[in-house]
Structure formats: C-alpha cells, structure tokens
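Breakdown of the fold
Spelled out from the first residue to the last, the chains are:
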Amino acid sequence: MALVTGAAQGIGAGIAARLKRDGWQVVTADINPGDAGTRHVIADVGDEAAVNALVAGIAQTEKRLDALVCNAGIMIRKPIAELSLAEWRRVLDINLTSAFLLARATEKMLAAAQGSIVTIASSRAHQSEPDTESYSASKGGLLALTHALAVSLGPAIRVNCVSPGWIDVQGEDLRPEDHAQHPAGRVGKVEDIASLVAFLTGPEAGFVTGAEFLSDGGMTRKMIYAE
C-alpha cells in the first residue's frame, strides 16, 4: 500500500497511476480532487492536523503502509523584495515541512512493513533561476531531510530522493531547441519520474537508501556559457 501526496495531477498523478498499474493499492492526497489512485483524500499536507488525520484514516481503512511518496509542492516566484514572510512559509510548509510531518506520522506503519519513503525534490536543489528563493530553499532542505531520515529510520525504512529537471507535465508545445539543449536529447516525461519511484519503492532497491537520483536529462552536468 502506498501514499502519494500532491497527486491530483502532474508528476504525483503519474506516480500514483504507475504504482496502481504495478499492482499497488494507492491512497492519493491533494488539496484538489483526484482519481489516479485507489482512494483519494482531500488534505493540506502542510497542516499537522490534516496529516495526522490522513494517516489515521490509512491505519483504519487500509491498515498498513509500505511506501510514502512525498511529492506535494508549490512555487511562488517573486523578487525577494516582494516575497512576503507568509508566502515564504507557505512554500516551505507544503514542500518541506509536509515531508517531516508525513515521515513522523507514518514511521510506525512503514517500519512494520519494512517500507520506504521517496521524496520528490528538484534539480533546483543544486541550481537556480532568479526569484526562486523559497522554492530552491525548500527543495534543498528536502534533499538534506532525505539523507537525515535515511540514517535515523534505517534499517527498517529506506529513504531516497528523486530530483526532476524539466518535466513536461501538461503536454506543452515544445520547440526543437527545448529538447536539443538536453544531453539526453529531450525534455523529461512524467513516466521518467514514475519509473524511478517504482524502482525505489520496490524490492530491487533494497540496498539503496539516503540517495538522490537526478532525472534531468543531464542538464545539471552541462556547462552553459553565453556565446
């Protein structure tokens, strides 16, 4: 049984659909309605009470948890002078604090199942564009939280991180140069991330914990200078 947050659309929905197709029972959670999993819960995972209620519902209904996928995330892109403290905190609550709350609330069930946690960070944990301070900070924190949890919760629970780069989640009208700039030759697809998560939550990843998997088509390894 898996819990996937931020799964009403995009990468989260793709992960939930892949796990469901692989035979998992999947509970999805989001502030919006969704249908990618087996059961959907409307929940704000940045809120402690909502997380505790979500996990209590799983304990009562599904009665076990083998995998937690912390995918929920938002971006507020503003110049730092215009970014309010409330907006900063909201981004960190949804992107970072939610993973702490979920890990804490699910620890007993995951340990009982010898399960795993996968966090979804971003290549922006390593590199940035202007006006993304709250988002980049949250994703960098999520990467660090991942290896901290791996050490604290092991060996009962494995914890790993997937950091996507440019993933086409809406069927964008992409240009040839959008694809060509990637060393892999194309922009990423939701299925690229879902397949990594499927591996990390499966038995073949039993010796993998505390690791980050960049799925960005090689962009963070590419030197880019103005010609």
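Placed above this text is the structure.
Owing to the predicted nature of the structure, the values given are computational and were not obtained by experimental measurement. (Residues numbered from 1 in each chain as written. Predicted model: local features only at pLDDT ≥ 70, side-chain atom pairs only at ≥ 80, totals over all residues. Heavy atoms only, no water.)

1. Some details on the overall build of the protein
From N to C terminus, the protein includes six helices and nine strands. Whereas a compact globule of 227 residues would reach a radius of gyration of roughly 17 Å, the protein reaches 17 Å, a difference of no more than 12%. Each principal axis of the C-alpha distribution contributes one length, and for the protein these read about 60 × 40 × 35 Å. Relative to its 227 residues, the protein shows a buried fraction of 47%. For the protein, contacts bridging at least 24 residues in sequence account for 66% of all contacts bridging at least 6. Just so you have it, the protein exposes about 11300 Å², and 53% of that area is on carbon and sulfur atoms. A gap of 6 Å separates the mean positions of the 20 positive and 26 negative side-chain charges of the protein. (Helix = DSSP H or I, 4+ residues; strand = E, 2+ residues; numbered from the N terminus. Rg over C-alpha atoms; globule rule 2.2 N^0.38 Å. Buried < 20%, exposed > 50% of the residue type's maximum accessible area, 1.4 Å probe, protein only. Contact = heavy atoms within 4.5 Å. Areas by Shrake-Rupley, 256 points an atom, 1.4 Å probe, with all protein chains shown as cover. Lys, Arg positive; Asp, Glu negative; His and termini not counted. Charge placed at Lys NZ, Arg CZ, Asp CG, Glu CD.)

2. What to know about the environment of Val69
In this structure, Val69 sits in strand E4 (residues 67-70). Looking at Val69, the relative accessible area reads 0%, which means it is buried. For the pair Val69 and Thr38, spaced 31 residues apart in sequence, the C-alpha separation works out to 15 Å. If we skip the residues at most four places from it in the chain, Val69 touches Leu3, Val4, Thr5, Ile15, Val118, Ile120 and Val197.

3. Observations regarding the packing of helix H3 (residues 85-112) against helix H4 (residues 133-153)
To characterise two packed helices, one gives the angle between the axes of the helices and the distance between these axes. In contact at an axis separation of 8 Å, H3 and H4 are set at 15° when each is read in the N-to-C sense. By the angle between their axes, H3 is roughly parallel relative to H4. The element H3 and its partner H4 pack so that their crossing is right-handed. Across from Trp88, Val91, Leu92, Asn95, Leu96, Ala99, Phe100, Ala103 and Glu107 in H3, the residues of H4 making contact are Glu133, Ser134, Tyr135, Ala137, Ser138, Lys139, Gly141, Leu142, Leu145, Leu149 and Leu153. (Axes fitted to C-alpha atoms, helices over the stretch in contact; angles between N-to-C directions. Parallel < 35°, antiparallel > 145°, perpendicular 65-115°, else oblique. Left-handed = near helix turned anticlockwise from the far one by under 90°.)

4. Some remarks on the packing of helix H1 (residues 10-21) against helix H6 (residues 190-200)
One way to put it is that H1 packs onto H6 with a least axis distance of 8 Å and a crossing angle of 50°. Here H1 lies oblique to H6, going by the angle between them. Our pair here, H1 against H6, has a crossing hand that is right-handed. Along the contact surface, H1 presents Gly10, Ile11, Gly14, Ile15, Arg18 and Leu19, while H6 presents Val190, Ile193, Ala194, Ser195, Val197 and Ala198. In terms of residue class, the contact of H1 with H6 is built from eight nonpolar, three polar and one charged. (Nonpolar A, V, L, I, M, F, W, Y, C, P; charged D, E, K, R; others polar.)

5. Considering the sheet that holds E4
Taking strand neighbours across the sheet as the criterion, the seven strands line up as E3-E2-E1-E4-E5-E6-E9 in an open arrangement whose pairing is parallel. With one partner strand each, in any of the chains shown, strand E3 (39-42) and strand E9 (212-215) form the two edges of the open sheet. The mean angle between the axes of side-by-side strands here comes to 15°, regardless of whether they run parallel or antiparallel. Along the sheet, H1 contacts strand E1 (2-5), strand E2 (26-30), E4, strand E5 (116-120) and strand E6 (158-164); its crossing angle with E1, the most-contacted strand, is approximately 165°. H4 contacts E5, E6 and E9 of the sheet and is inclined by roughly 160° relative to E6. (Pairing = 2+ DSSP bridges.)

6. Side note on the nonpolar core
Of all hydrophobic cores here, the largest spans 34 residues; its most connected members are Leu3, Leu54, Leu68, Leu102 and Ile117. Put simply, the parts of the chain that give this core at least two residues each are E2, helix H2 (48-61), E4, H3, H4 and E6. Contact partners of Leu54, with chain neighbours within four places excluded, come to Leu3, Ala29, Val41, Val45 and Leu102. If you look at the next biggest cluster of nonpolar residues, it comprises 25 residues, including Ala2, Val26, Leu196 and Val208. (Core = buried A, V, L, I, M, F, W, Y, C linked by side-chain atoms within 4.5 Å.)

7. Looking at the pairing of E2
Among the five residues of E2, five are classified as buried, and the element is accordingly described as predominantly covered. Burial of E2 is two-sided: the residues Val26, Thr28 and Asp30 facing one way and the residues Val27 and Ala29 facing the other way are all buried. Summarising the sheet, E1 and E2 pair through four bridges and their orientation is parallel. Opposite Leu3, over in E2, you have Val27 as the bridge partner. Handedness of the β-α-β unit built from E1, H1 and E2 comes out right-handed. (Right-handed = clockwise from strand over helix to strand, strands pointing away.)

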